[in-house]
Amino acid sequence: MVEQRLDSVFHALADGTRRGMLAKLAVEEHSVTALAAPFAMSLAAASKHIKVLEEAGLVSRRVEGRTHVVTLEARRLGEADEWLRRYQHFWTQRLDALERELRKPEPATPRKTKSRRKK
């Protein structure tokens, strides 16, 4: 069950438009029209993106009159972050090893001397 939720979260996050919408929603809730505006897309296209975000549990939508208002639901992002943190130690070790290698002094190489040929 948790793996399915993570699959849907990462699928939703795989699209730049949806990540952009989430970034706006992290500041404040928006109408579907406001979320669609920066992407120059139709309301139908924006609604499809929002539907994917809803199915992943990343946003919720409520209707106020004729306006659909979308709100960020950060709990699922927290679950994804928790999953990613499992690998933080792995990457930290790899990056630390890379840093150690890069900081090692280069071995001194013998200077080549020009050989003098007799003519």
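Here, the structure is the one placed above.
Remember, predicted model here, so these are calculated numbers, not experimental data. The residue count restarts for each chain, going from 1 along the sequence in the order it is written. Side-chain atom pairs in this predicted model are given and counted only at pLDDT of 80 or more, local residue features only at pLDDT of at least 70, and totals for whole chains, interfaces and linings cover all residues. Here the side-chain values reflect all heavy atoms present in the structure, with hydrogen atoms and water set aside.

Peer 1: Please clarify how the overall build of the protein should be interpreted in this entry.
Peer 2: Strands here are runs of E lasting at least two residues and helices are runs of H or I lasting at least four, both read from the DSSP assignment and numbered beginning at the N terminus. Counting its secondary structure elements, the protein contains six helices and three strands. When the helices and strands of the protein are listed from N to C terminus, the series reads α-α-β-α-α-β-β-α-α. The globule rule used here is 2.2 Å times the number of residues to the 0.38 power, and the radius of gyration it is set against is calculated over C-alpha atoms. Since a compact globule built from 119 residues should have a radius of gyration of about 14 Å, the 26 Å found for the protein marks it as more spread out than a globular shape. Dimensions along the principal axes, computed over C-alpha positions, put the protein at roughly 95 × 35 × 25 Å. The contact criterion used throughout is that any non-hydrogen atoms of two residues lie within 4.5 Å. Of all intrachain contacts in the protein linking residues separated by at least 6 positions in sequence, the fraction that spans at least 24 positions is 50%. Neither His nor the chain termini are counted; the positive set is Lys and Arg, and the negative set is Asp and Glu. Charge positions are represented by NZ for Lys, CZ for Arg, CG for Asp and CD for Glu. Where the 24 positive side-chain charges of the protein centre and where its 16 negative ones centre are 17 Å apart.

Peer 1: Just to check I follow, could you spell out the side chain of Arg76 for this structure?
Peer 2: Inspection of the secondary structure assignment puts Arg76 in helix H5 (residues 75-85). By relative accessible area, which is 16% here, Arg76 ends up buried. Non-local contacts of Arg76, meaning those with residues more than four positions away in its chain, are made with Arg5, Val9, Ala56, Gly57 and Leu58. When a residue's accessible area, from a 1.4 Å probe over protein chains only, is under 20% of the maximum for its type it is buried; when over 50% it is exposed; and in between it is partly exposed.

Peer 1: Help me understand the side chain of Arg18, please; the structure alone is not making it clear to me.
Peer 2: Within the secondary structure, Arg18 sits in helix H2 (residues 16-27). Asp15 provides the closest opposite charge to the buried, salt-bridge-free Arg18, at an N-O distance of 4.4 Å. Contacts described as polar in this section are N or O atom pairs within 3.5 Å, which, within protein, must combine one atom able to donate a hydrogen with one able to accept it, while residues neighboring in sequence count only if both atoms come from side chains. Reaching out from Arg18, the side chain makes a polar contact with the side chain of His49 at a distance of 3.1 Å. With sequence-adjacent residues up to four places away left out, Arg18 is seen in contact with His11, Ala12, His49, Val52 and Leu53. For this document, the term salt bridge refers to a Lys or Arg side-chain nitrogen within 4 Å of an Asp or Glu carboxyl oxygen.

Peer 1: Where do I start with the pattern of salt bridges in this structure?
Peer 2: As a working rule, side chains carrying opposite charge can pair if their charged atoms are close by. Scanning the model with the defined rule gives nine salt bridges in all. Measuring nitrogen to oxygen at the nearest pair gives 3.0 Å for the salt bridge that ties Arg61 to Glu54. Of the charged contacts in the structure, one is a salt bridge between Arg103 and Glu99, with a shortest N-O distance of 3.0 Å. In this pair, Arg103 and Glu99 both sit in helix H6 (residues 88-103), four residues apart, roughly one turn of the helix. Members of the salt-bridge network, linked through shared partners, are Arg5, Arg75, Arg76 and Glu79.

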